[in-house]
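Structural description and commentary
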Amino acid sequence: MSVSQRGPLTIAVPAGRLYAETVQTLERCGLDPTAWRGDERRLLWSSPDGEWRFLVARPADVTTYVEEGVADVGVTGKDSLMDLDGDVYELLDLGFGRCRLVLAAPVGFTLAGDRPVRVATKYPRFALRRLAEMGLEARVIVLHGASELAAVSGLADAIVDATETGATLRNNGLVPRLELASSSARLICNRAAFQLRRDDVMALIRRIREVSAGSGEKEGVTRLGR
């Protein structure tokens, strides 16, 4: 699989829980996203043939790198996209990294409408918007670490967080009260790159569809943000 003469196509790879399956998907496409295997501290590198460039960023930052054109395409979670206002195209549901975004609270906590619910989360925009749609007024406390601690320590009444199995919630005495959305890994693209490098981007999409047959990937292009 080769790209055009415009230079390497840059792909933003998400660190954390989506990393391994993203790398496996790219490897099945014939790319070599781990060419830097000898130095795992490197965050930006090119494939040996010079046709691909890869960078590793937090899933929440992948959208920024793609929107600003540092990366042409990237992989991030739908949960991150729902909390951001990034001006990017969403191209594919990659079918892995599935989780639910839930409002969870300690056992015995009752959702009442007489006061705002104090909610700790790393998804502040999404939490405020989605809870308002459900008729709940919330005061959001933004945390970037384990939000479960906020609920069990009394900093917050509840949390909005992503969960796959619910085990971490249970281990910390929390139970899901509301399911707010579902999430999975998505392929996103810079708007300019989608126009100027459409052949390269579409070739990558076709290859991903071939190697991910049956994963439930989404057809079509969705523009996000402004």
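Above this text is the structure in question.
Thresholds, definitions, all that
- Residues numbered from 1 in each chain as written.
- Predicted model: local features only at pLDDT ≥ 70, side-chain atom pairs only at ≥ 80, totals over all residues.
- Heavy atoms only, no water.
- Helix = DSSP H or I, 4+ residues; strand = E, 2+ residues; numbered from the N terminus.
- Buried < 20%, exposed > 50% of the residue type's maximum accessible area, 1.4 Å probe, protein only.
- Contact = heavy atoms within 4.5 Å.
- Areas by Shrake-Rupley, 256 points an atom, 1.4 Å probe, with all protein chains shown as cover.
- Core = buried A, V, L, I, M, F, W, Y, C linked by side-chain atoms within 4.5 Å.
- Pairing = 2+ DSSP bridges.
- Right-handed = clockwise from strand over helix to strand, strands pointing away.
- Salt bridge = Lys/Arg side-chain N within 4 Å of Asp/Glu carboxyl O.

**Considerations on the overall build of the chain**
Scanning the chain from N- to C-terminus turns up eight helices and twelve strands. With 226 residues in all, the chain has 46% of them scored as buried. The long-range share in the chain, meaning contacts at least 24 apart out of those at least 6 apart in sequence, stands at 70%. Carbon and sulfur atoms provide 49% of the accessible area of the chain, an area that totals close to 10,900 Å².

**Topic: the nonpolar core**
In terms of nonpolar packing, the biggest core is built from 28 residues, with Ile11, Phe54, Leu91, Leu94, Leu187 and Cys189 touching the most fellow members. At the level of elements, strand E1 (9–14), helix H1 (19–28), strand E3 (52–57), strand E4 (73–77), strand E5 (88–93), strand E11 (185–190), helix H7 (191–196) and helix H8 (198–211) are the ones that each hand at least two residues to this core. Ranked by residues supplied to this core, first place goes to H8 with four residues. Counting 17 residues, the second largest nonpolar core, distinct from the first, contains Leu131, Leu136, Ala138 and Ala181.

**Digging into the pairing of strand E7 (residues 117–121)**
With four of five residues buried, E7 lies mostly within the body of the structure. As defined by bridge partners, E7 adjoins strand E8 (residues 138–142) across five bridges and the pair is classed as parallel. Along E8, the bridge assignment pairs Val119 with Val140. Of the crossover connections in this fold, the one passing from E7 over helix H4 (residues 124–133) to the parallel E8 is right-handed.

**A closer look at the pattern of salt bridges**
Taken as a whole, this structure holds 13 salt bridges when the rule is applied. The partner of Asp157 in a salt bridge is Arg118, with the nearest N and O atoms 2.9 Å apart. Placement of Asp157 in the loop between helix H5 (148–153) and strand E9 (158–163) and of Arg118 in strand E7 is noted, with a sequence separation of 39 residues between them. Of the residues examined, Arg118 reaches a relative accessible area of 24% and is grouped as partly exposed. For Arg130, the salt bridge is made with Glu133, and the minimal N-O distance between the two is 3.3 Å. With a gap of three residues between them, Arg130 and Glu133 both fall in helix H4, about one helical turn apart. A relative accessible area of 24% places Arg130 in the partly exposed class.

**A short note on the environment of Asp85**
Within the secondary structure layout, Asp85 lies in the loop between helix H3 (78–83) and E5. A relative accessible area of 43% means that Asp85 is categorised as partly exposed. It is 9.3 Å that separates the C-alpha atoms of Asp85 and Arg125, two residues lying 40 residues apart in sequence.

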